[in-house]
Amino acid sequence: MAKLIFSLDGAMVKEYPLKKERITIGRRPTNDIHIDYLAASGEHAAILKKGNDFYIEDQNSTNGTQVNDQLVKSHLLQSGDLIQFGKYTLKFAGEDASQVLGQNSVAFEQTIMVRPAAMKALLETPSIEVPASAPMPETPVTASTNTAEDMVENAPVAMTGRIQVLNGSNTGRQLVLNKALTTLGKIGVQVAVITKRASGYFITHVEGKVFPIVNGVSTGAQASVLSDHDVIELAGVKMEFFLEKS
């Protein structure tokens, strides 16, 4: 769960889990987060939850609200952002580390990437079959990824793909596409698979009423080739695809 870490002169005092849709910050004791600082207004700022994101909004305070040494009126909070009130600091922390997986994992976090166990189940469904628009085995890959992995090993892609999250609490996070198949999305909402082939990277729709969007255009049901700096929209998350030398 996202939270604010309250510190005084660099020493942590308290943690505030962001459980409510609106959390107030200010000098009045009635605020959710009380800041005993003369330069702070009675109700100085508020944290608003919008979907999976958290925003801090200044409440017409006398001295303004500072995030990372910059005055802001409304600001999308990202992990590590510092909300400053003199010697008092509120540090925004996104999802718990136990929920945010490493870059070499299939997922960044539960709400953005499909967990590996779910990926296996998806690969066993016919919807994952990819049209043979590039050298592929005559039979589609369904029950496992072994055939595709063997193909990649025999004819490696010269460039390695990555995706970088462009919005939400995971903005800036990257995932290396070094596996034959990487499944992205949110089960029950929208799921797609990025396939690494000898001829490049392809994205294919797997689940959901809405197809993935690439550069503002729907991919449809067929596999769509990805080019350097393409912007993918999937399950409310924008990601940039880019290539780098292996």
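The structure reproduced in this document is the subject of the present report. (Residues numbered from 1 in each chain as written. Predicted model: local features only at pLDDT ≥ 70, side-chain atom pairs only at ≥ 80, totals over all residues. Heavy atoms only, no water.)

## As for the side chain of R162
The cut-off we apply is this: Working definition: helices are DSSP H or I runs of at least four residues, strands are E runs of at least two. Numbering for both runs from the N terminus. Side-chain atoms alone can form a polar contact between residues adjacent in sequence; in general such a contact is a pair of N or O atoms within 3.5 Å, and within protein one must be able to donate a hydrogen while the other accepts it.
Mapped onto the elements of the fold, R162 is located in strand β12 (residues 159–165). Polar contacts involving the side chain of R162 include one to the side chain of E244, which spans 2.5 Å.

## Overview of the packing of aromatic side chains
The way to describe two aromatic rings as a pair is by their centre distance and the angle between their planes. Under the convention used in this document: Each pair of aromatic rings taken from Phe, Tyr and Trp, with Trp reduced to its six-membered ring, is defined by centres within 6.5 Å and is described as stacked if the planes are under 30 degrees apart, edge-to-face if over 60, and tilted in the remaining cases. For each residue, the accessible area found with a 1.4 Å probe, counting protein chains only, is set against the maximum for its type, and the residue is called buried under 20%, exposed over 50%, and partly exposed in between. The criterion for a charge sitting over a ring is simple: Lys NZ or Arg CZ within 6 Å of the ring centre, and within 35 degrees of the ring normal.
Counted by the stated rule, this structure contains five aromatic pairs. For the pair F6 and Y16, a centre-to-centre distance of 6.3 Å together with 55° between the ring planes defines the contact as tilted. Placement of the pair is F6 in strand β1 (residues 3–8) and Y16 in strand β2 (residues 11–17), with a sequence separation of ten residues. Residue F6 is classed as buried on the basis of its relative accessible area, which comes to 8%. Aromatic side chains F6 and Y88 sit 5.8 Å apart centroid to centroid with 15° between the ring planes, which places their arrangement in the stacked category. Taken together, the residues F6 in strand β1 and Y88 in strand β11 (residues 88–93) connect sequence positions 82 residues apart. Of the two residues, F6 and Y88, neither departs from the other in class, the shared state being buried. The rings of F6, Y16, Y37 and Y88 are connected pair by pair, giving a single aromatic cluster. Across from the ring centre of Y55, 4.7 Å away, lies the NZ or CZ of K50, which sits over that ring. Here the basic side chain of R197 rests over the ring of F202, its NZ or CZ set 4.1 Å away from the ring centre.

## Some points on the nonpolar core
Put simply, the rule reads: Here the nonpolar core consists of buried residues drawn from Ala, Val, Leu, Ile, Met, Phe, Trp, Tyr and Cys, with membership extended through side-chain atoms lying within 4.5 Å. By definition in these notes, contact holds between two residues if any of their heavy atoms fall within 4.5 Å.
Core analysis: the biggest nonpolar cluster contains 22 residues, and L4, I47, I83 and L90 have the highest contact counts within it. Those elements that provide at least two residues to this core are β1, β3 (22–26), β5 (45–50), β6 (53–58), β10 (82–85) and β11. With three residues, β11 is the single largest residue contributor to this core. Setting aside anything within four residues of it in sequence, one finds L4 in contact with K14, E15, Y16, L18, I33, I47, I83, L90, K91 and F92. Listed in part, the 16 residues of the second largest apolar core include V165, L175, A192 and I194.

## Digging into the sheet that holds β10
Selection rule: For two strands to pair, DSSP has to find at least two bridges joining them. Every axis corresponds to a line fitted to the C-alpha atoms, with the helix fit spanning only the stretch in contact, and the corresponding angles, defined between N-to-C directions, vary from 0 to 180 degrees.
Read from one edge to the other, the open sheet built from six strands follows the order β2-β1-β11-β10-β7-β8, with strand pairing classed as antiparallel. Both outer strands of the open sheet, β2 and β8 (70–72), are each paired with one neighbouring strand and no more. Direction aside, neighbouring strands of the sheet carry axes that sit 30° apart on average. Note that β1 and β2 share six bridges and pair antiparallel. Within β2, the residue paired with I5 across the bridge is E15.

Worth remembering: the numbers are spatial, not functional.
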